[in-house]
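So the chains spell out like this:
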Amino acid sequence: MQRKWIRILLNFGLLLVLMLSSTLTVFAQDDTQVRVTQVDNSKFPNVTIYVSVTNSADEPVGVDPATIQISENGETMQITDARGGGEGNQGVAEPLTTMLVIDISGSMDKNDKLTAAKDAATAYVNQMRSGDQAGLMTFDTQTYYVQPVTTDTSALLSAIDGLKTGGDTAMFDALVEAEKALSNITGRKAIIVLADGLDNHSQNTVDSVIEQIGPSGLTISTVGFGDASTASQSGLDETALKTLSEKSGGLYSFAADSESLSALYQQFGRTLQSEYALTYISPSALRDGINRNLTVSLSDIGASAETNYNPGGVLPEVKSTSWTLFGLILGGLLLLLFIPFLISRGAGLFSGVRHSKGKIKMNTASAAGSSPGTASGKKPRVKIK
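Residues numbered from 1 in each chain as written. Predicted model: local features only at pLDDT ≥ 70, side-chain atom pairs only at ≥ 80, totals over all residues. Heavy atoms only, no water.

Moving on, we come to helix α5 (residues 206–213). Residues of α5 that are buried include every one of Val206, Val209, Ile210 and Ile213, and no others. Down the axis, α5 shows its buried residues gathered within 95° of arc, on one side only. Where α5 is buried, its residues contact α4 (171–182), β10 (219–225) and α6 (238–248). Once α5 ends, the next one or two residues include glycine 214, with phi positive near 85°. (Buried < 20%, exposed > 50% of the residue type's maximum accessible area, 1.4 Å probe, protein only. Helix = DSSP H or I, 4+ residues; strand = E, 2+ residues; numbered from the N terminus. Arc of directions from axis to C-beta. Contact = heavy atoms within 4.5 Å.)

In the contact formed by helix α2 (residues 113–126) and helix α3 (residues 153–161), the axes pass within 10 Å of each other and the chain directions differ by 175°. If you check the angle between α2 and α3, you find them roughly antiparallel. Taking contact as the criterion, the partners of Lys118, Ala121, Thr122, Val125 and Asn126 in α2 are, on α3, Thr153, Leu156, Leu157, Ile160 and Asp161. Classifying every residue of the contact of α2 with α3 by side-chain character gives five nonpolar, three polar and two charged. (Axes fitted to C-alpha atoms, helices over the stretch in contact; angles between N-to-C directions. Parallel < 35°, antiparallel > 145°, perpendicular 65-115°, else oblique. Nonpolar A, V, L, I, M, F, W, Y, C, P; charged D, E, K, R; others polar.)

Moving on: the packing of aromatic side chains. Scanning the model with the defined rule gives one aromatic pair in all. Note on tyrosine 124 and tyrosine 265: the rings are 6.2 Å apart at their centroids and 90° apart in plane angle, and the pair reads as edge-to-face. Of the two residues, tyrosine 124 sits in helix α2 while tyrosine 265 sits in helix α7 (residues 258–273), which places them 141 residues apart along the sequence. Looking at tyrosine 124, the relative accessible area reads 2%, which means it is buried. The class for tyrosine 265 is buried, based on a relative accessible area of 0%. (Phe/Tyr/Trp six-rings, centres within 6.5 Å; stacked < 30°, edge-to-face > 60°.)

Between the first and last C-alpha of α2 there are 20 Å, a value that for 14 residues agrees with the 20 Å anticipated at 1.5 Å per step. Burial in α2 covers these residues: Lys113, Leu114, Ala116, Ala117, Lys118, Ala120, Ala121, Ala123, Tyr124 and Val125. Contacts made by the buried residues of α2 are with β6 (96–103), α3, β9 (188–195), β10 and α7. (Expected span 1.5 Å × (residues − 1).)

Another point: the pairing of strand β13 (residues 292–298). Sheet faces and side chains relate simply in a regular strand, where the side chains alternate between the two faces. In terms of burial, β13 is largely enclosed, as five of its seven residues are buried. Here strand β3 (residues 68–72) pairs with β13 via five bridges, running antiparallel. In the sheet register, isoleucine 68 faces β13, and the bridge partner there is leucine 298. Pairing of β13 with strand β14 (residues 304–309), which is carried by six bridges, proceeds in the antiparallel orientation. (Pairing = 2+ DSSP bridges.)

In this fold, threonine 271 is placed in helix α7. Residue threonine 271 is classed as buried on the basis of its relative accessible area of 2%. The sequence separation of threonine 271 and glutamate 59 amounts to 212 residues, and the corresponding C-alpha distance is 6.3 Å. In contact with threonine 271, not counting residues within four places along its chain, are Arg35, Ser52, Thr54, Asp58, Pro60 and Leu251.

So, on to the pattern of salt bridges. Enumeration over the complete set of coordinates arrives at eight salt bridges. Here aspartate 81 ties to arginine 83 by a salt bridge, and the two come within 2.5 Å at their closest N and O atoms. The partner of aspartate 288 in a salt bridge is arginine 292, and the shortest N-O contact between them spans 2.8 Å. Residue aspartate 288 is classed as partly exposed on the basis of its relative accessible area, which comes to 32%. Taken together, the shared-partner salt bridges in this structure form one network comprising Glu72, Asp288 and Arg292. (Salt bridge = Lys/Arg side-chain N within 4 Å of Asp/Glu carboxyl O.)

So, on to the sheet that holds β10. Read across the sheet, six strands follow the order β8-β7-β6-β9-β10-β11 without closing on themselves; strand pairing throughout is mixed. Here the strands that pair on one side only, and so sit at the sheet edges, are β8 (143–150) and β11 (252–255). Pairwise comparison of adjacent strand axes, ignoring direction, gives a mean angle of 15° for this sheet. In this structure, β10 lies alongside β11, joined through four bridges in parallel fashion. Directly across from phenylalanine 225, in β11, lies its bridge partner alanine 255.

Okay, here's the thing in structure tokens:
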């Protein structure tokens, strides 16, 4: 009897352990977040998707690239190339281009915010890997391209060290300029902006910044630095900064002091450096200007993210084998346009000929009326018009 109870207790304990194990697994799965941070279709129909896999603390989580699945318009794609995931994944690190955008307006002079921003930007540059590059833009009422994109960390550190505060704030205008500066750069690219968000001088808005990026563009991650409880110059407009990051697929974090600010910049760097770059060939190979829906999921835990991209193209693109048919159709259409003109022209000519028939002019001279020296036997002359 005692042994029976022992067996029952052991079985119950084993069942309880399995249930707890299952519950912990579910929690671990729910903790994993998948984000599509950029879609690069510059080599369309080859499409490269940049994917970030993080936990709830936005720290990167390593996964097997083979478990990442991509669907375009509901159809599963065959991944032709997988890179990234940090130095440990297949020994390949995906190069990263970052534009550091720093607020140097007068409000950043309060509570020594600019000094903290410079320290954070310095920490970010110091963790750049071989092949990574960055640029530096600052803004007050105007935008200053302080250091163009470069791999030279010494030049970047020198530019950061020389920053000084100015006047009012035009953050949205600066972000538009940062987007333009990165437009011709291929591969993974991101903007990290440090500001208090107190924009009072921009011609642009949050919506125009996002529209400039488009649904498949780069991400904007924002770091808020200041006191969110006040609207004074020491304050912080968290709403604007959060909206920018959420709508562009980036991250938002708040820094209370210089030390936490540096830690955030380093965390952003780790997250960006650990992203996966996955390439596939789109089955709809024409640039028809129609949005394509994308779904990225982890097959082993079910986490997923959705986005879309537009391949571009104003007019429908045709295959090279169709150009002959296209030319024949175009020629036929042009002929149809000219037929009424040709008919009208032909009718006019026919009418002119018909009315000119039978017009005969006689030119005769009588013998009596003939001038002297005219032969009396000369025949009349006939002219037909």
